[in-house]
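# Examining the three-dimensional arrangement
So the chains spell out like this:
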Amino acid sequence: MSEPQFFITPGAGEKLHGMLGYSQAVRVGDRVEISGQGGWNDDLEFPEDLEEEIVRAFDNVERVLAAAGATWADVIHVNSYHLPDDPAYIGERPGRVMAEQFRKRMGGREPIWTELGVAALGAPGMRVEIRVTAVVA
């Protein structure tokens, strides 16, 4: 078994590492696991528009994967966590935007996906968090 390699991305990853003491990704052999990524910028600020926040979260996942030598095309498993529009339903927009981003970024790969509504996420103003597992071919 390979030794784990941990990765801290520039900008937001460095800030979160300094504040909370965790890495953005770990790679063991050909398997990459990442920490949940929000739709933040490097100053840990979130856009007002939910759809933009989801797209930014996908961008941040891509950035973390790249640091560990992976891409969206290597992703096999996605968990997404959403603050729901309604306590009984996540809402139409998150699922639609997530599916659009899968089709845009994954080159035809169709990972397994669990979409969960949650009561709170790790930062004020955060409405989505995406965590993935990748296997680098």
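Residues numbered from 1 in each chain as written. Predicted model: local features only at pLDDT ≥ 70, side-chain atom pairs only at ≥ 80, totals over all residues. Heavy atoms only, no water.

As recorded in an unreviewed UniProt entry, the chain goes by Rid family hydrolase and comes from Glycomyces mayteni.

## Regarding the side chain of S80
Here is the rule we go by: We count a stretch as a helix when DSSP gives it H or I for four or more residues in a row; a strand needs E for two or more, and each element gets its number in order from the N terminus. In this scheme, a residue with accessible area under 20% of its type's maximum is buried, one over 50% is exposed, and one in between is partly exposed, where area comes from a 1.4 Å probe on protein chains only. Polar contact is defined as a pair of N or O atoms within 3.5 Å, subject to the rule that within protein one atom must be able to donate a hydrogen and the other to accept it, and that residues adjacent in sequence are counted only when both atoms are side-chain atoms. In what follows, residue pairs with any heavy atoms lying within 4.5 Å of each other are defined as contacts.
Relative to the helices and strands, S80 is located in strand β4 (residues 75-82). Of the residues examined, S80 reaches a relative accessible area of 0% and is grouped as buried. A distance of 2.8 Å separates a polar atom in the side chain of S80 from a polar atom in the side chain of H82. Residues in contact with S80, not counting those within four places in the same chain, are M98, W113, T114, E115, L116, E129 and I130.

## Some points on the packing of helix α2 (residues 50-67) against helix α3 (residues 92-105)
Definition in use: Fitted lines through C-alpha atoms give the axes, limited to the stretch in contact for helices. The angle between two N-to-C directions lies from 0 to 180 degrees. The hand of a helix crossing depends on one turn: near helix anticlockwise from the far one by less than a right angle means left-handed, and clockwise means right-handed. Residues are grouped as follows: nonpolar covers Ala, Val, Leu, Ile, Met, Phe, Trp, Tyr, Cys and Pro; charged covers Asp, Glu, Lys and Arg; every other residue, Gly included, is treated as polar.
At a minimum axis distance of 10 Å, the contact between α2 and α3 shows a crossing angle of 40°. For α2 against α3, the interelement crossing comes out right-handed. Each of L50, E51, I54, V55, F58, D59 and E62 in α2 lies in contact with α3, whose residues at this interface are R93, P94, R96, V97, M98, Q101, F102 and R105. For the contact of α2 with α3, the per-class residue count stands at 8 nonpolar, 1 polar and 6 charged.

## Considering the packing of aromatic side chains
Two aromatic rings are characterised by how far apart their centres lie and by the angle between their planes. For clarity, the cut-off: Any two rings among Phe, Tyr and Trp, with Trp reduced to its six-membered ring, count as a pair given centres within 6.5 Å; such a pair is stacked if its planes are under 30 degrees apart, edge-to-face if over 60, and tilted if neither.
All told, the structure shown has 4 aromatic pairs when counted by the stated rule. With a centroid separation of 4.8 Å and 20° between ring planes, the pair formed by F58 and W72 is classed as stacked. In this pair, F58 sits in helix α2 while W72 sits in the loop between α2 and β4, placing the two residues 14 residues apart along the sequence. With respect to class, F58 is no different from W72; both count as buried.

## Considerations on the pattern of salt bridges
As a reminder, the rule being used: Salt bridge, as used here: a side-chain nitrogen of Lys or Arg that lies within 4 Å of a carboxyl oxygen of Asp or Glu.
Enumeration over the complete set of coordinates arrives at 11 salt bridges. Ionic pairing is found between E100 and R96, a salt bridge with its closest N-O pair at 3.3 Å. Here E100 and its partner R96 are both found in helix α3, 4 residues apart, which amounts to about one turn of the helix. We classify R96 as partly exposed; its relative accessible area is 29%. Among the charged side chains, a salt-bridge network with shared partners connects E51, E92, R96 and E100.

## Some words on the sheet that holds β4
Filter applied, for reference: Only when DSSP finds a minimum of two bridges between them are two strands counted as paired.
Spatial ordering of the open sheet is given by β1-β2-β3-β6-β4-β5, a layout of 6 strands whose pairing is mixed. This sheet does not close on itself; its edge strands, each paired only once, are β1 (5-7) and β5 (112-117). Going from strand to strand, the sheet's axes swing by 15° on average, the running direction of each strand aside. Here 3 bridges tie β1 to strand β2 (residues 25-28), and the two strands are oriented antiparallel to one another. Pairing of F7 across the sheet is with A25, part of β2. This element, α2, spans β1, β2, β3 (31-34), β4 and β6 (128-135) of the sheet and lies at about 30° to β6.

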